[in-house]
Amino acid sequence: MSSVLLDATRWSGRYFSAGWRPAVAQAAVTEKATGTRLETVGVADAVAVDRAVEAAVVAQRRWASLGYDARAAVLRRAGSLFEHHADEAAEWTARESGAPLAMAHRAQGVAAQECYEAAGLASAPYGELLRSGAPRLSFARRRPVGVVGVIAPFNAPLLLAIRAVAPALALGNAVVLKPDPRTAVSGGVLIARVFEEAGLPEGLLHVLPGGADVGQAVVAHPRVPVISFTGSTPAGRAIARASADQLKRVHLELGGNSALVVMGDADVPRAAAAGAFGSFRHAGQICMASGRHLVHESVVDDYLAELTRIAAATTVGDPLGPGVGYGPLIDAGQRDRVHGIVTQSVEAGASLLAGGEFDGLFYRPTVLSRIPLQAPAYAQEVFGPVAPVVSFGDVDEAAALAADSSYGLSLGIITRDVMAALELADRVPTGSVHINDQTINDEPTAPFGGVGESGSGARHGGAQSNLEAFSELQWVTMRREAPPYPV
Ligand code: NAD
């Protein structure tokens, strides 16, 4: 693989913590579509976490006292590097995570945008003047929190890390990032190399690949007061529990099982295409995937026919290949989990209209109709290319079905009556609503997050949410002199 930014001679067998350090343990970086070993990365441990946090604490004080423009300039350069090296980085991402090349390419643009938005955040107002009943100046100002721990998953490794790393740095914090070991290059090495080239001062960003144990060490460290975690609900719960003793702030972005509601007046071919995108994009390995298709009974047969046609026509293969709809699942464990869920759902009474089979890690797009509501492909997050379809008779039933989930990440509603859609949305607890769109939507300018088992209410994205997530509000009063207390 030709390389400019990601020349492996620099980082092979190392992790990034005040420079590239040789690691005691190493992990293979593999191409998921072929199983080919691409490289090795250094794996960190609890001692490395400790050392990284100590260095980060020192570096953060200097960084926070710099002028905002110095921080903004680093973020702007980082954004431009993501753009400049997009081809090379996207190829790594496609190989390492299995994401289609076009999707990996788009991630570079979004990562750049995250950095540009964060650069603007560095210069934005960061407090407010307050009224006071006393003769004093009273104001609230936002201060950096110190060291932010960022823990990210494999499925969109760059985006789910940079959406926290960039604003946290821009606001004067240091960051310890723990990527998923299966995507340690696109979710870790790439970010380290970009910020190294962008001139981020040493000690402010540490990238420590490793498993849950390394994440646990970051969470447990007393000098990491804020954790930004994206991943599964069980791991989010474990992190919330582990943080409770130290009363840490934990921003949890967790799983989902989002509903796509198709009303009877919808344009069915468009709705089915949206539904296919919502369920099959990146082999369904997206937290906002359309996990439950709720379709009005008057159009459900046409919808199923079109969805099945699209599923059968979709090419599943090497994400670098031409015309590929999507690539492999991340590993055999995930493939077996998905297949188990599909098999159990068919045994529970669902009709299999397409898919339900695989070749290696390549799982065919799967359409299930007449699925019982308790069947796992409908009731659980699948994280695979599976579209379970259920019909409803009226809007009350649609609202009840859509709301009947412990998750609450995203909701899509397709109809010609947008006001009716908004009223329906009012009845469903969810972090985002997309009227006349499927459920997968995300932008650096929008506050993203979930309710219920999809998250702790934290939001990433948008200036205000990022300010709240990565700074601490402090109330300050000032008097000319101390008042004469009657003691
Ligand atoms: P996971 O929870 O197993 O792992 C995510 C990250 O957390 C990895 O880096 C892992 O090493 C680390 N980790 C795991 N257990 C930990 C622990 N106890 N302490 C500290 N770190 C720990 O998630 P996954 O299954 O690999 O990823 C898929 C899940 O992530 C899905 O449920 C998906 O919906 C969710 N997700 C959510 C969002 C969102 O923004 N809401 C985005 C993408 C993915």
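To be clear, the structure that these remarks concern was listed above.
Residues numbered from 1 in each chain as written. Predicted model: local features only at pLDDT ≥ 70, side-chain atom pairs only at ≥ 80, totals over all residues. Heavy atoms only, no water.

Peer 1: What exactly am I supposed to notice about the packing of aromatic side chains here?
Peer 2: Per the counting criterion, the structure on display carries 4 aromatic pairs. Relative to Y363, the ring of F358 has its centre 5.9 Å away and its plane inclined at 20°; by these criteria the two rings are stacked. A relative accessible area of 36% places F358 in the partly exposed class. (Phe/Tyr/Trp six-rings, centres within 6.5 Å; stacked < 30°, edge-to-face > 60°. Buried < 20%, exposed > 50% of the residue type's maximum accessible area, 1.4 Å probe, protein only.)

Peer 1: Would you mind going over the site of the ligand with me for this structure?
Peer 2: Lining the immediate environment of the ligand, one finds 31 residues, of which A152, K178, S232, L254 and E381 sit closest. E381 places a side-chain nitrogen or oxygen 2.5 Å from an oxygen atom of the ligand. When isolated, the ligand has an accessible area of 850 Å², and the protein chains bury 88% of it. When contributions to the shell around the ligand are tallied by element, the ones reaching two or more residues are helix 6 (157–170), helix 8 (212–220), strand 10 (226–230) and helix 9 (233–244). For the shell around the ligand, the per-class residue count stands at 16 nonpolar, 9 polar and 6 charged. (Near = heavy atom within 4 Å. Polar contact = N/O pair within 3.5 Å; in protein donor to acceptor, adjacent residues only side chain to side chain. Areas by Shrake-Rupley, 256 points an atom, 1.4 Å probe, with all protein chains shown as cover. Helix = DSSP H or I, 4+ residues; strand = E, 2+ residues; numbered from the N terminus. Nonpolar A, V, L, I, M, F, W, Y, C, P; charged D, E, K, R; others polar.)

Peer 1: Hey, could you run me through the packing of helix 4 (residues 86–97) against helix 5 (residues 101–123) in this one?
Peer 2: Helix-helix packing is described using two parameters, namely the angle between the two axes and the distance between the axes. Interhelical geometry of helix 4 versus helix 5 gives an angle of 130° and a closest axis separation of 8 Å. If you check the angle between helix 4 and helix 5, you find them oblique. The two elements helix 4 and helix 5 meet at a crossing, and its hand is right-handed. Facing A86, D87, A89, A90, E91, T93 and A94 of helix 4, the residues of helix 5 in contact are L101, A104, H105 and Q108. For the contact of helix 4 with helix 5, a count of residues per class yields 6 nonpolar, 3 polar and 2 charged. (Axes fitted to C-alpha atoms, helices over the stretch in contact; angles between N-to-C directions. Parallel < 35°, antiparallel > 145°, perpendicular 65-115°, else oblique. Left-handed = near helix turned anticlockwise from the far one by under 90°. Contact = heavy atoms within 4.5 Å.)

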